[in-house]
Structure formats: structure tokens, C-alpha cells
Amino acid sequence: MPFAKLKCLIIDQMHLSIIPMLEEIGFAVSYQPEIKASEVKEILANYDGLIVRSKLRITDDLLADTQRLRFVARAGAGVDNVDEAALEKYHIKLLNAPEGNRDAVGEHTVGLLLALMRHVVKADREVRRYEWHREANRGEEIRGKTIGIVGYGNMGQSFAQRLSSFGCRVLAHDIDHTVVPDDYAMLCPLEQLKAEADVVSFHIPFTPANRYLADDSFLNSFRKNIWLLNSSRGEIVELKSLVQALKSGKVKGAALDVLENEKLATLSPEQKNSFEYLIKASNVILSPHIAGWTHESYVKINEVLTQKIKNLLPALK
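None of these values were measured; they are calculated from a predicted model. (Residues numbered from 1 in each chain as written. Predicted model: local features only at pLDDT ≥ 70, side-chain atom pairs only at ≥ 80, totals over all residues. Heavy atoms only, no water.)

(A) Summary view of the pairing of strand 9 (residues 199-202). Here strand 9 shows no split at all, with Val199 and Ser201 on one side and Val200 and Phe202 on the other all buried. Across four bridges, strand 9 lies against strand 10 (residues 226-230) in parallel orientation. Its bridge partner being in strand 10, Val200 is matched across the sheet by Leu228. (Buried < 20%, exposed > 50% of the residue type's maximum accessible area, 1.4 Å probe, protein only. Helix = DSSP H or I, 4+ residues; strand = E, 2+ residues; numbered from the N terminus. Pairing = 2+ DSSP bridges.)

Pasting the structure below:
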């Protein structure tokens, strides 16, 4: 079999289809999802490739003695746990798989929007308490609304595609000038999106530059009172600012699949205060970072990564 000496280390839990997929293209696979993050450096020098989810930060220190390593593959979309400058320094290729869970994220975000605007979660809780409140749960329709998408890559485009049957208008903003318009959204400056949107949905990767992008100033700069969705990265939305906007009515309701600190046992006093408000608010929906987390995406991520690794094979000879 060609390239049989190539070795790939997998250190996070993955759908086991990844093993035969990689073996088929010539890799010997070491699947070690139970390995501790502190133990990876000791063995990494023996591998040509590393596949990770979120267990480990990929740092300069980790890579310093890995002359053999040729690629790091992130099983998912976000690469905020990877020091991309360090990979470039050591000539290591970075791969990720946003194509693998884009459909899942698009569907989940539509679900969050419908549940939020139609008070599905609130109404469900009331009925379970033997309460039957129809007028108090009169909702709003997506049809006729202007949906603002911040970030128009794989996830933003997937959300826009699924909105196309709802009869709404979709505006999208992206700082990447290589992003091109399509049939599902009109690209626009951020100021236009703020002026016209009824809903804002975040689909951007986390970077130090956009930490707390959605702060007091950002939220209050929208002309209308808005519905807010975040299925990208939690640190983009400052929770204390969101709480204030919910209290003032500037944000009519929020659906969050991600939080600025998802390790709930480690919340700072300020974060805990904001979180306590959110979990009690009837116009807030929370889910535990599962927008891209489906049985189908679990396999599709493997397929995408394997194809991208296969495309690297000529350079790995």
C-alpha cells in the first residue's frame, strides 16, 4: 500500500469510521482518545499527522521537537485552540472541516430562531406546569423580517440557505473580501446590517480581535430592537452586555448555543451573575454547544478531513 509508513495520532474522541478511512489512504492510525493532554508531547515526534478536537492547545512549545509532523487536523470548524503562527513557523499544514458540520449548524440555528420567536420553550414549560396561556405566547413570524448574518462562511451560508423558504430578507456581513454574494443573502457593510436587521446571528470564528464584539456599544447601535442568535463562539458575545440589553428590551430575546465560559463550574462571580439571569429569563434559550453536533456530522467531519489529508499525500512522500 502506498505511503504505508505514514502515521497519524488521534487524541480526541471521534467517530470510529475515521480509522478505516485513514487506513485506506495509507496511514497507520494510533487512536488514543484517553490520552492526557500533558502526555501528547512525549510521543508526538513519532507521527506525521495529528488530529484533535478541543482537548489540547497546539502551541509552539508542543511543536518544537516534532520535525516529522506535517499536518494538524482539527475535527470541526473552529481553530481557536491552534497557534497558527507556530504551525507556519514549523511548516506544518493546518486542516479543519467546516464543511462537515455546516448543515447541522444551519439547521440548529433555524431551530433556535423558530423556538425563540414562537416562545416554544417557554410555552412547553408552562404546559408541563398545567398552565395554558395562548395570548401570552403569541409569537412573531420569520416571514417579512430582515435577518442579519455576521460572518458569511460555511456556517453563515448554510443558515441563509435554510432561510430561503421563509420569505425573509437576508443581509450578510463579512470582513473577508474573498467572500462572494450568492442567491441567499446580500452582502453589506456592518452599518447597513445594524440599520435594517430584525435578527442578528453570529457565524464568525473567535479571534482576539473580535472578543466581546457584541458589547454594550454594538448591541445599542442597532436601529431596531433585535432577536440575537449565537452558534459560533461564546466569547464573541459579552454576557453582561447581553443581560443589560435584554433588561432594556434592546434585545427582545436571545438563543445561545455557546457561552463565553462553557466550563460552568469555573464561572467568575460576574459571569455567574449574568448566567443566573439568563437561565431564569423566559426569552432566552440555551443549548450546550451542540449546533454542529449530529450523528451525521460526526461522520461527515471524518470524510472531509480524510479527503483533505489525502490531498496532501503528494507533499508527504
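From this point, the narrative continues.
(B) Spotlight on the sheet that holds strand 3 (residues 49-52). With respect to topology, five strands assemble into an open sheet ordered 2-1-3-4-5, the strand pairing being parallel. The strands lining the two open edges of the sheet, one partner per strand, are strand 2 (27-31) and strand 5 (93-96). In this sheet, neighbouring strand axes are inclined to one another by 20° on average, regardless of whether the strands run parallel or antiparallel. Note that strand 1 (residues 6-10) and strand 2 share five bridges and pair parallel. The residue bridging Ile10 from the neighbouring strand is Tyr31, located in strand 2. Helix 12 (residues 295-312) rests against strand 2, strand 3, strand 4 (71-74) and strand 5 of the sheet, and its axis sits at about 155° to strand 5. (Axes fitted to C-alpha atoms, helices over the stretch in contact; angles between N-to-C directions. Contact = heavy atoms within 4.5 Å.)

(C) Looking closely at the environment of Gly292. Structurally, Gly292 is set in the loop between strand 12 (284-286) and helix 12. According to the relative accessible area criterion, Gly292 is buried, its value standing at 13%. Along the chain, Gly292 and Ser217 lie 75 residues apart, while their C-alpha atoms are 29 Å from each other. Beyond its immediate chain neighbours, meaning those up to four positions away, Gly292 contacts Asn101, Ala104, Val105 and Ser297.

(D) A look at the domain arrangement of the protein chain. According to the domain assignment, the protein chain contains domain 1 (7-96 + 296-315) and domain 2 (102-286). Measuring from the centre of the C-alpha atoms in domain 1 to the corresponding centre in domain 2 gives 32 Å. Contact between domain 1 and domain 2 buries roughly 370 Å² in total, counting both sides, with carbon and sulfur atoms accounting for 48%. Contact with domain 2 buries area across many residues of domain 1, yet Ala77, Asp80 and Lys300 alone supply 72% of it, more than any other trio. (Domains from an automatic or database assignment. Buried area = accessible area lost by both parts, 1.4 Å probe.)

(E) Quick peek at the packing of helix 5 (residues 98-117) against helix 7 (residues 154-163). Close contact between helix 5 and helix 7 brings their axes to 8 Å; oriented N to C, the two are set at 50°. The angle between helix 5 and helix 7 falls in the class oblique. When the axes of helix 5 and helix 7 are compared, the crossing they make is right-handed. In this structure, helix 5 uses Pro98, Glu99, Asn101, Arg102, Asp103, Val105, Gly106, Glu107, Thr109, Val110 and Leu113 to contact helix 7, whose residues at the interface are Asn154, Met155, Gln157, Ser158, Phe159, Gln161, Arg162 and Leu163. In terms of residue class, the contact of helix 5 with helix 7 is built from seven nonpolar, seven polar and five charged. (Parallel < 35°, antiparallel > 145°, perpendicular 65-115°, else oblique. Left-handed = near helix turned anticlockwise from the far one by under 90°. Nonpolar A, V, L, I, M, F, W, Y, C, P; charged D, E, K, R; others polar.)

(F) Highlighting the pattern of salt bridges. This model, assessed by the stated rule, comprises 18 salt bridges. Among the ionic pairs, Glu126 bridges to Lys122, the shortest N-O distance being 2.9 Å. Remark: Lys122 and Glu126 occur in helix 6 (residues 120-128); sequence separation between them is four residues, near one turn of the helix. For Glu126, a relative accessible area of 8% puts it in the buried group. (Salt bridge = Lys/Arg side-chain N within 4 Å of Asp/Glu carboxyl O.)

(G) The UniProt feature "domain: D-isomer specific 2-hydroxyacid dehydrogenase NAD-binding" (unreviewed entry) in the protein chain, seen in detail. Taking the numbering used here, the UniProt-annotated feature "domain: D-isomer specific 2-hydroxyacid dehydrogenase NAD-binding" (unreviewed entry) corresponds to residues 110-291. Annotation note: span residues 110-291, helix share 34%, strand share 16%, distance between end C-alpha atoms 10 Å. (UniProt positions renumbered as here; feature names shortened; annotations may be inferred.)

(H) Structural detail: the sheet that holds strand 10. One open sheet holds the seven strands; their spatial order is 8-7-6-9-10-11-12, and the pairing between them is parallel. The outermost strands of the open sheet, each flanked by one partner alone, are strand 8 (186-187) and strand 12. With four bridges joining them, strand 6 (residues 146-150) and strand 9 adopt parallel strand pairing. Paired with Gly148 across the bridge in strand 9 is Val200. Running at roughly 145° to strand 10, helix 5 makes contact with strand 6, strand 9, strand 10, strand 11 (251-256) and strand 12 of the sheet. Contacting strand 10, strand 11 and strand 12, helix 10 (residues 239-248) crosses the sheet at an angle of about 140° to strand 11.

(I) Fine view of unusual backbone geometry. For Tyr130, which is not a glycine, the phi torsion comes out positive at approximately 65°. The exposure class of Tyr130 is exposed, given its relative accessible area of 83%. Phi is positive for His289, close to 55°, though the residue is something other than glycine. Checked against the element boundaries, His289 lands in the loop between strand 12 and helix 12. For His289, a relative accessible area of 32% translates into the label partly exposed.

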